[in-house]
Each structure stands twice: as structure tokens, then as C-alpha cells.
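Next come the chains, spelled out residue by residue.
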Amino acid sequence: MPSTTDTGRNDEPTTERASTARRTFMAGLGALAGSGALGTTASARDGHGVGGGRTRNVILLVPDGGSRVHDTAARYYSAYQDDPAAFPANIDDVELGIDRADAVGSVSTYPDDPDGQLITDSGAAGTAIATGQKTYPTAISVDHAGNPIETVLERAAAAGYATGLVTTTQLTHATPAAFATHVRSRGQQEEIARQYVREQDVDVDVLLGGDRSHFRADSRKDHADLIGEAEANGYQYVETADELAAAENEKILGLFTETGHFDYSLDRTDDPDTTQPTLPEMTVKAIEVLESRSRNGFFLMVEGGRVDHAGHANDPAVVPEQVEHDAAVNVAMEYADGPGFGRGRGPADTLVVTVADHETGGLVLARDSYHMDWEPIVDQEVSQGVLAAELEPLSSVEEVKTHIEARTGIDDLSTDEANELLDDPSAITGRDSVVNRRAGLGWRTDTHSATDVPVYAKGPDAIVGHFGKHQDNTDLVDGFDAHLNLR
Ligand SMILES: [Zn+2]
């Protein structure tokens, strides 16, 4: 049978060979299904390879609202935390997850806004990364007319790859939603939940995030029991970090909060009773499960979703949040470097890419002088919102001073500052909070900004160079598709 792949010509573009391979694979799958030989999706996956014999994986990690400044802040934080006495001379001893990249580039983030607006949101930016097409802010993988745009995760699932979405936000939030669902507005979270569970042709094997309310019969407007439906479809459903750790290698739906997002990393670490897993823990589990579910390989998106929220709040908790995301990047880099977690079925070529969808907060490593002090940022034990709630019941200047010192290490709070907090505990939050001022940490906005964001990539030589340059955020998907031979 003559075809472009059979001619043996070596000057054909990879994409042409890939699309031929995909058509051949899909035709084979169709024949199997027609003959009744197709038992389960997993067994169908076992018999095929679209990656030329070697398993191929893509792990994409998105620090929502991150930037080069956030990366620098994570480096300073890690160095100061490691050895305050050696700081700043030890800054370049720090090895972050991103430092293991083979290629570093950047992307533009502007959306296709009807008014020409430059500043994007996670809907339009997530759509651009997942589909390669720009759309309007708030859109979730639909075009201006509301037509669904196919995502790389959907192409990967159709080609027999295992797929996963992991986030510290609501599972129905914009970034994960843009990879597997299609709605006109990111606010349609009940519809996003419905599509995750009922659009079985998408078949996301691992779904981990926050907020059960959009999946539960007693809180959904249509009273659909999406958790029960997912279990009937073969998902193991878990609600706590312990349950996640104990889960077997089945499809997993994990919803770790009743409503809303995960707590900030800082607040989770401070709470001995937390049942929420960390982002690195979820990343390890997702990789383990996906590795075992397809011989072809997998596509996994991991989002550090609360970097963005700390940015909106101008909260110094943004730095440990970025550090946690970087630890998940390190998990992925470690995996790409190593022999796998032992549940795969052969040698793997893993492409790791980390890129923010946009910057949030206009974060600046300075305020209005040459002064910066990392001690209050490293010593803060909780986010500013939690600290404000803790200050609420206090009734004296001395109590306020004692509590601020216990929670932030700041031991020179003035009586005026303490009085202000006594009158209005919310003064501990926001751009001009005492930790921001003492640290010399600056913010320009409580919204997103229009700056380019960095891209870090590790993977086989044949593909990693795609990410080592400046390009548009819509160009990233070509690299994912090429690595997985999707088109
Ligand atoms: Zn945001």
C-alpha cells in the first residue's frame, strides 16, 4: 500500500508522517472496534504505538500568573531559606527545577480581543496553549463564534495516549478546563464539570483539583451526580491526600476541597490537619498512573494555579507558591532524566515544558529604594488573608506585636503600625502590607499584566529546540504535537 510513510523518503516533513501515522492508527482502532476485539480503551492502547516504538510523554507545567520575576523570587527565597548567613553569595548554589531545562525561551501572551486589549486571561491563554489558536478572554477552547477548537489533550487521547489534568485551583477553573472542555465563558463551571465526566471520547484518565460542589447532585442545578457517574465509568474517586496516595493505578478523579481552591502552599504547610495533597505529590501520582495506562505514553498538564491568586492579592505568599510549583517542575525533570517510575512498558522520551499563561500582579523585586530583605518573606508562616483573620480577635497593641512577630518574624513593629492593625486587621493585606514594605517587595497592579513569559523545556534533542526561542503562545502546541506524532 503506497503512502508517504512507506516510500522511505527522508525529506518528508515530520508533520506529514505524523498525520499519516495517526490516520493509520485511528483506522486500525476502528477496525478493532468493528470486529468486537476492542475490549477496553486500555487494552486497545497496549497493542499500538504511535511514537515509533518508544513511549513518548509530554508533561506541561503552568505556574498560572508566573513570570521571570517569580522565578527569580523563588531562587532568592530558596537561597535565603537554605542559609540566611550565606545569603546572597549562595544564590547561584540554588538549583531550581527550571534550571534543569535544556532550552529557555519566551512567549507572547496577548489574546484575540475584540477591542485589541493586550492583557489576557487564563481562558484565552489556556486556549492558546492547548489549541494553538487565539481567542477572546474568558473563552474556554472555543472560537469567537463559540465553535469548539480541538485541544492537544484531545488529539493525544484519540491517538491512544493516557492523559491527565492536575491543579491546585478548582478542577473546573480556566486552565485545566481549556485542555478538555469547550464553553463560551469560563464561568460555566457546572457545564465544564459535566463535560469532564460525560464527554467520554475525551477520556482524561487523571483529574485532580479542588471543588466537589460542581460535581455533586446536592449542589448542582441539574442535580446530576457526576461523582457517581465517574465511578460508574471506572474512575476511583478520592477526597484526601491519604486516599490519593493509596489509590491504585486506575483512572482517578480527585476533588480535595468542598468548594473553592486549595489553600495556599504556605497555609497548607501551616495546617497540621490539612487533607489537601501538595502539587509535587499530585504530580508524582499522576505520572505513576499515566505511565501504567498506555504503552504509547501520556500527556499531562500540571497547574500551580494559586500563584495567580496570590498575585491578585499582592500577597508575599506568592513566593512559596511559586517554589511549590517549581518543586513539581523538578519532579517532571527528574522523571525525564531517569528510568521512569517502573510502571511504564519500555524506554520513554519525555518532553517537559513549563510556561506561565500570563503574569499577575506586576511583581517587582524592589519598592522605592535599594532595600530588599528576604527574612520576612521566608519567615512568614501564613498568607496575609489568614493572618488578617488571626488578628481579628486580638485586643491590645502588645498582642498584635507578639502575634506579628510569631507569624512573620518582624520584631520591630511600631506602636503606630500595631494600632493600625488593631483598628483594621485587613491592613495586613495588600500592596502596602507590613511584610511587603519590610521586604521591599513591590506590586504594580492587582490584575494580570501584558509582559512576555518565560518557557523552560527539557527533552529529546529533536524537539527541545522548538522551545528555545521567542514565539507566540499559540506556537507551543506545535512542539507537543510533533513530539507525540499527533499531526
Ligand atoms: Zn488571574
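Residues numbered from 1 in each chain as written. Predicted model: local features only at pLDDT ≥ 70, side-chain atom pairs only at ≥ 80, totals over all residues. Heavy atoms only, no water.

Asks: I keep staring at the confidence of the model for the protein chain and nothing clicks. Help me out?
Replies: Parts of the prediction with low pLDDT should not have their coordinates interpreted in detail. Taken as a whole, the protein chain shows an average pLDDT of 89; of its residues, 88% reach a score of 70 or greater. The low-confidence segment residues 1-49, where pLDDT is below 50, has 50 contacts with residues more than four positions distant or belonging to other chains. (pLDDT = per-residue confidence, 0-100. Contact = heavy atoms within 4.5 Å.)

Asks: Looking at this structure, how should I read the sheet that holds strand S1 (residues 55-63)?
Replies: Strands in a sheet are paired, the pairing made by backbone hydrogen bonds, and the direction either parallel or antiparallel. Spatial ordering of the open sheet is given by S5-S6-S4-S3-S7-S1-S8-S11-S2-S12, a layout of 10 strands whose pairing is mixed. Both outer strands of the open sheet, strand S5 (235-238) and strand S12 (470-472), are each paired with one neighbouring strand and no more. Across the sheet, the axes of successive neighbouring strands diverge by a mean angle of 15 degrees, strand direction being ignored. The pairing of strand S2 (residues 103-108) with strand S11 (residues 453-458) spans five bridges and is classified as antiparallel. What sits directly across from Gly-105, in S11, is Val-455. (Pairing = 2+ DSSP bridges. Helix = DSSP H or I, 4+ residues; strand = E, 2+ residues; numbered from the N terminus. Axes fitted to C-alpha atoms, helices over the stretch in contact; angles between N-to-C directions.)

Asks: Would you explain the coordination of the zinc ion in this entry?
Replies: Put simply, a metal with four donors set out as a tetrahedron has ideal angles of 109.5 degrees, and one with six donors set out as an octahedron has ideal angles of 90 or 180 degrees. The protein atoms donating to the zinc ion are Asp-308 (OD), Asp-308 (OD), His-312 (NE2) and His-448 (NE2), with metal-donor distances spanning 2.1 to 2.3 Å. For the zinc ion, the four donor atoms in the first shell make angles of 57 to 153 degrees at the metal, a pattern classed as irregular. Ordering the donors of the zinc ion by residue number gives the pattern D-x3-H-x135-H. Of the two residues, His-312 sits in helix H12 (residues 306-312) while His-448 sits in strand S10 (residues 448-449), which places them 136 residues apart along the sequence. The class for His-312 is partly exposed, based on a relative accessible area of 30%. The buried category is assigned to His-448, whose relative accessible area is 11%. (Donors = N, O, S within 2.8 Å, 3.2 Å for Na, K, Ca; no water. Tetrahedral: all angles 85-135°; square planar, octahedral: opposite > 155°, others 65-115°. Buried < 20%, exposed > 50% of the residue type's maximum accessible area, 1.4 Å probe, protein only.)

Asks: Quick question: what am I supposed to make of the packing of aromatic side chains here?
Replies: Each aromatic ring pair is specified by the distance between its two centres and by the angle formed by the two planes. A full pass over the atoms with the stated rule returns nine aromatic pairs. Measuring from ring centre to ring centre gives 5.6 Å for Tyr-76 and Trp-374, while their planes differ by 80 degrees; the resulting arrangement is edge-to-face. Highlighted residues: Tyr-76 in helix H3 (residues 68-82) and Trp-374 in the loop between strand S9 (359-360) and helix H14 (375-379), separated in sequence by 298 residues. The interplanar angle of 70 degrees and the centroid separation of 5.2 Å between the aromatic rings of Tyr-80 and Phe-87 together place this pair among those described as edge-to-face. (Phe/Tyr/Trp six-rings, centres within 6.5 Å; stacked < 30°, edge-to-face > 60°.)

Asks: In this structure, what is going on with the pairing of strand S8 (residues 348-355)? I would like to understand it.
Replies: Put simply, side chains in a regular strand alternate between the two faces of the sheet. Burial within S8 is extensive, with seven of its eight residues counted as buried. The pairing of S1 with S8 spans seven bridges and is parallel. Counted as the bridge partner of Leu-61 is Thr-354 from S8. Note: S8 against S11, four bridges, orientation antiparallel.

Asks: Mind showing me how you'd approach the pattern of salt bridges here?
Replies: Close approach of charged atoms allows side chains with opposite charge to pair. Taken as a whole and assessed by the stated rule, the structure comprises 29 salt bridges. When the shortest N-O distance is used, the salt bridge between Asp-270 and Arg-407 registers 2.8 Å. With a gap of 137 residues between them, Asp-270 in helix H10 (residues 265-270) and Arg-407 in helix H16 (residues 397-408) connect regions that are remote in the sequence. What makes Arg-407 buried here is its relative accessible area of 13%. The residue Arg-438 makes a salt bridge to Asp-412 at a minimum N-O spacing of 3.2 Å. Highlighted residues: Arg-438 in helix H18 (residues 434-439) and Asp-412 in the loop between H16 and helix H17 (415-423), separated in sequence by 26 residues. By relative accessible area, Arg-438 is classed as buried at 19%. (Salt bridge = Lys/Arg side-chain N within 4 Å of Asp/Glu carboxyl O.)

Asks: Explain the pairing of strand S7 (residues 297-304) here, please?
Replies: Counting buried positions along S7 yields eight of eight residues, so the element is predominantly enclosed. A two-sided burial pattern is seen for S7, the buried positions comprising Gly-297, Phe-299, Met-301 and Glu-303 on one face and Phe-298, Leu-300, Val-302 and Gly-304 on the other. As judged from the eight bridges shared by S1 and S7, these two strands associate in the parallel manner. Paired with Asn-57 across the two strands is Phe-298, which belongs to S7. Where strand S3 (residues 162-170) lies against S7, six bridges are found, and the strand directions are parallel. Note that in S7 the partner of Leu-165 across the bridge is Met-301.

Asks: In this structure, what is going on with the packing of helix H11 (residues 279-293) against helix H13 (residues 318-337)? I would like to understand it.
Replies: Packing of H11 against H13 leaves a shortest axis separation of 8 Å and a crossing angle of 30 degrees. One way to sum up the angle between H11 and H13 is to call them roughly parallel. Considering the relative orientation of H11 and H13, their crossing is right-handed. Taken together, the residues of H13 that come into contact with H11 (itself represented by Leu-279, Pro-280, Thr-283, Val-284, Ile-287 and Glu-291) are Glu-324, His-325, Ala-327, Ala-328, Val-331 and Tyr-335. (Parallel < 35°, antiparallel > 145°, perpendicular 65-115°, else oblique. Left-handed = near helix turned anticlockwise from the far one by under 90°.)

Asks: Would you mind going over the side chain of His-70 with me for this structure?
Replies: By secondary structure assignment, the location of His-70 is in helix H3. Within polar-contact distance, the side chain of His-70 engages the side chain of Ser-67 at 2.8 Å. In contact with His-70, not counting residues within four places along its chain, are Gly-65, Val-307, Val-318, Gln-322, Glu-359, Thr-360 and Leu-363. (Polar contact = N/O pair within 3.5 Å; in protein donor to acceptor, adjacent residues only side chain to side chain.)

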